[in-house]
Amino acid sequence: MTDSWDPVGSPDSISLLGLEESLLGGQSFSWSYLGDKKWVGVIRRSVVHLCWENGQLYWCANGPVPLSKKEIEDYLWLDDSYREAVDALPWRSDQSLDQAIKKFSGLRVLRQPIDETLLVFLLSSAKSIPQIKQLRHRIHLNFGEDLGEGRFAFPGWERLSKLSETDARNLGMGYRAKYLVGVAQFLCQRHGWLEEVSGSNYKKARSSLMELPGVGPKVADCVLLFGAGKSQAFPIDTWIFQALERQYGMKGWTMKQMQEFAGIHFGHYAGLAQQFLFSFQRSVGQTKSAKKESKSDNELSN
């Protein structure tokens, strides 16, 4: 390590796999892996570097607005409330959840700014993680502040409100262009609206977000979980839908019934449970897909 690196969090509070999944698994789209157990990303207006070595996480940051150790601890949920949240989950009686927690030990729900989180999940419909990262980068590159190291800050919704739908489509937003422009204009006319949503209770905040163009139940829950600290939010995407059907016997259940089950079974920290299940189900799905491709390749070569 160099003198510029400072330790953050207690030793062994997060596994290498848990850290990697927290940063790159679809919560945030600003992080990149540099190799050698190092990552770089943007938190507000700072370029942040993370390094994992011998069970200890280290960090350093550069940018026009300095980032404090307290801010990085809060972003990565490194305080004692994380252990309390995991302990409150029903893993003792839920074998599927217990298995996921053990595999992705220390997996966090990142605490991100709600305005930035809304943007990326508004763009996420029918897109893979690399594609979402690419769309995000185009917007930040064209309209955000240059932070150095090829990284750019979130430009803010007021600046994005100057975009026309044609401008957004020219950036590759496709049908999402009208949602981006519609949300930007809505927020520009209602200063402080997102802060009010963030301060509301979960049900009211969810209902409010779903009034925005292009924001359905899943996007609203993602924004609230990752950008507003609403730990009750339980986004249901393809991976979670499969997990609930196969591991919890919910074949034929409606999304609303699944949401109600999650709230009752997983409790106040349903969103944390969702992340463990999501990561585990995705890892299983990717492994099966890789095996299937390998089998196909072998059959073709024989």
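Residues numbered from 1 in each chain as written. Predicted model: local features only at pLDDT ≥ 70, side-chain atom pairs only at ≥ 80, totals over all residues. Heavy atoms only, no water.

Undergrad: Could you clarify how one ought to interpret helix 1 (residues 16-24) in this entry?
TA: An α-helical segment advances 3.6 residues per turn. Residues three or four places apart therefore align on the same side. Regarding helix 1, the residues found buried are Gly18, Leu19, Glu21, Ser22 and Leu23. Remark: Gly26 follows helix 1 within two positions and exhibits a positive phi of approximately 110°. (Buried < 20%, exposed > 50% of the residue type's maximum accessible area, 1.4 Å probe, protein only. Helix = DSSP H or I, 4+ residues; strand = E, 2+ residues; numbered from the N terminus.)

Undergrad: Looking at this structure, how should I read the pattern of salt bridges?
TA: Where charged atoms from two side chains of opposite charge approach closely, those side chains can pair. For the structure shown, the criterion picks out nine salt bridges. Here Arg111 makes a salt bridge to Asp79, at a shortest N to O gap of 3.3 Å. Of this pair, Arg111 sits in the loop between helix 4 (95-103) and helix 5 (114-122) while Asp79 sits in the loop between helix 2 (69-75) and helix 3 (81-88), and the two are 32 residues apart along the sequence. What makes Asp79 partly exposed here is its relative accessible area of 35%. (Salt bridge = Lys/Arg side-chain N within 4 Å of Asp/Glu carboxyl O.)

Undergrad: Any chance you could explain helix 13 (residues 238-247) here in plain terms?
TA: Of all the positions in helix 13, only Ile240, Gln242, Ala243 and Leu244 are classed as buried. One side-chain oxygen at the N-terminal end of helix 13 lies 3.3 Å from the backbone nitrogen of Trp239; it belongs to Asp237. Taken from the residues just after helix 13, Gly249 is the one with a positive phi, measuring 65°. (Polar contact = N/O pair within 3.5 Å; in protein donor to acceptor, adjacent residues only side chain to side chain.)

Undergrad: What should I look at first to understand the packing of helix 13 against helix 14 (residues 255-266) in this one?
TA: In the contact formed by helix 13 and helix 14, the axes pass within 12 Å of each other and the chain directions differ by 75°. Of the possible angle classes, the one that applies to helix 13 and helix 14 is roughly perpendicular. In contact with Phe241, Leu244 and Glu245 of helix 13, helix 14 contributes Met255, Met258 and Phe261. (Axes fitted to C-alpha atoms, helices over the stretch in contact; angles between N-to-C directions. Parallel < 35°, antiparallel > 145°, perpendicular 65-115°, else oblique. Contact = heavy atoms within 4.5 Å.)

Undergrad: Quick question: what am I supposed to make of the pairing of strand 5 (residues 56-62) here?
TA: Residues in a regular strand project their side chains so that they alternate between the two faces of the sheet. With five of seven residues buried, strand 5 lies mostly within the body of the structure. Relative to strand 5, strand 1 (residues 6-8) runs antiparallel, the two sharing three bridges. In the sheet register, Pro7 faces strand 5, and the bridge partner there is Tyr58. Hairpin connection of strand 4 (residues 46-53) to strand 5: two residues between the antiparallel strands, including Asn54 at a positive phi of 55°. (Pairing = 2+ DSSP bridges.)

Undergrad: What is the right way to read the nonpolar core from this model?
TA: Generally speaking, a soluble globular protein has its nonpolar side chains buried in company with each other. Membership of the largest hydrophobic core comes to 71 residues, with the highest contact counts inside it found for Trp157, Leu160, Leu209 and Phe266. If we ignore the near neighbours within four places in the chain, the residues touching Leu209 are Trp193, Leu194, Val197, Val215, Ala220, Val223 and Leu224. (Core = buried A, V, L, I, M, F, W, Y, C linked by side-chain atoms within 4.5 Å.)

Undergrad: Is there a simple way to think about unusual backbone geometry in this case?
TA: Excluding glycine, a negative phi dihedral is what most residues carry, and trans is how most peptide bonds are arranged. In the Ramachandran plot, Asn54 falls in the positive-phi region, its phi being about 55° despite a non-glycine side chain. Its location among the elements puts Asn54 in the loop between strand 4 and strand 5. Overall, the relative accessible area of 72% leaves Asn54 in the exposed class. Positive phi values are uncommon outside glycine, yet Trp77 reaches one of about 50°.

Undergrad: What should I look at first to understand the sheet that holds strand 1 in this one?
TA: Backbone hydrogen bonds are what pair the strands of a sheet, in a parallel or an antiparallel way. One open sheet accounts for five strands, arranged 1-5-4-3-2; its pairing is antiparallel. At either end of the open sheet lies a strand with only one pairing partner, and these are strand 1 and strand 2 (32-35). When strand polarity is set aside, the average angle formed by the axes of neighbouring strands in this sheet is 35°. When strand 2 meets strand 3 (residues 38-43), the two strands line up antiparallel, connected through three bridges. When the bridges of strand 3 are listed, Gly35 appears paired with Lys38. Against the sheet, helix 1 contacts strand 2, strand 3, strand 4 and strand 5, and its axis sits at roughly 35° relative to strand 3.

Undergrad: Where do I start with the packing of aromatic side chains in this structure?
TA: Scanning the model with the defined rule gives 13 aromatic pairs in all. Ring geometry for Trp31 and Tyr75: centres 6.3 Å apart, planes at 50°, overall tilted. With a gap of 44 residues between them, Trp31 in the loop between helix 1 and strand 2 and Tyr75 in helix 2 connect regions that are remote in the sequence. The burial state of Trp31 is the same as that of Tyr75; both residues are buried. On the basis of an interplanar angle of 70° and a centroid distance of 6.3 Å, the ring pair of Phe154 and Trp157 is categorised as edge-to-face. No difference in accessibility class separates Phe154 from Trp157, as the two residues are buried. The side chain of Arg108 reaches across the aromatic face of Tyr82, ending 3.8 Å from its centre. For the cation-ring pair, Arg190 lies above Phe186, with the distance from its terminal atom to the ring centre recorded as 4.0 Å. (Phe/Tyr/Trp six-rings, centres within 6.5 Å; stacked < 30°, edge-to-face > 60°. Lys NZ or Arg CZ within 6 Å of the ring centre and 35° of its normal.)

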